[in-house]
Amino acid sequence: SEDTITYWENGRTLPQIQFYPAIISFLGFNPFFTSEPTTLGERIKQYRYEHGLTHRALGKLLDVNASTIGSWEAGEFEPHKKTLIKIENFLSDIK
């Protein structure tokens, strides 16, 4: 609704992640990242945003817990080699 967009513009609320792909498409760029991601965690987060995925949704795709996704994004842990291969396959979608 117009009110929802106004709230987003004024910083009263943030859009839900499922709306991120449409926002990025409409704007023609990803406003959630001001520079190219350099770490694996940043790349994972960028992928989630560009595909509108929650931690839980990406976790299901990778067969890991949602909190594990958050830990990778925060740089707290590195994925195991087998999982890293899966991640790299997903990240190859990033342009």
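What counts, and where the lines are drawn
Residues numbered from 1 in each chain as written. Predicted model: local features only at pLDDT ≥ 70, side-chain atom pairs only at ≥ 80, totals over all residues. Heavy atoms only, no water. Axes fitted to C-alpha atoms, helices over the stretch in contact; angles between N-to-C directions. Helix = DSSP H or I, 4+ residues; strand = E, 2+ residues; numbered from the N terminus. Parallel < 35°, antiparallel > 145°, perpendicular 65-115°, else oblique. Contact = heavy atoms within 4.5 Å. Nonpolar A, V, L, I, M, F, W, Y, C, P; charged D, E, K, R; others polar. Salt bridge = Lys/Arg side-chain N within 4 Å of Asp/Glu carboxyl O. Buried < 20%, exposed > 50% of the residue type's maximum accessible area, 1.4 Å probe, protein only. Phe/Tyr/Trp six-rings, centres within 6.5 Å; stacked < 30°, edge-to-face > 60°.

(A) The packing of helix H4 (residues 55-62) against helix H5 (residues 66-73), seen in detail. It is at 7 Å that the axes of H4 and H5 come closest, and there the two elements cross at 100 degrees. Taken as axis vectors, H4 and H5 run roughly perpendicular relative to one another. Residues His 55, Arg 56, Leu 58, Gly 59 and Leu 62 of H4 touch H5, and the partners they reach there are Ala 66, Ile 69, Gly 70, Trp 72 and Glu 73. Class assignment for the residues of the contact of H4 with H5 results in five nonpolar, three polar and two charged.

(B) Focus on the pattern of salt bridges. Under the defined criterion, the tally for this structure stands at two salt bridges. One salt bridge connects Arg 43 with Glu 88, and the closest N-O pair in it is separated by 3.1 Å. With a gap of 45 residues between them, Arg 43 in helix H3 (residues 40-51) and Glu 88 in helix H6 (residues 81-91) connect regions that are remote in the sequence. Classification of Arg 43 as partly exposed rests on a relative accessible area of 26%. Looking at Glu 88, the relative accessible area reads 33%, which means it is partly exposed.

(C) Representation of the packing of aromatic side chains. A full pass over the atoms with the stated rule returns six aromatic pairs. With centroids separated by 6.1 Å and ring planes inclined at 45 degrees, the aromatic side chains of Trp 8 and Phe 19 adopt a geometry described as tilted. Of this pair, Trp 8 sits in helix H1 (residues 2-9) while Phe 19 sits in the loop between H1 and helix H2 (20-27), placing them eleven residues apart in sequence. Ring geometry for Tyr 20 against Phe 32: centres 4.0 Å apart, planes inclined by 15 degrees, an arrangement best described as stacked. Of the two residues, Tyr 20 sits in helix H2 while Phe 32 sits in the loop between H2 and H3, which places them twelve residues apart along the sequence. Three or more aromatic residues link up through ring pairs in this structure, and these residues are Tyr 20, Phe 32, Phe 33 and Tyr 49.

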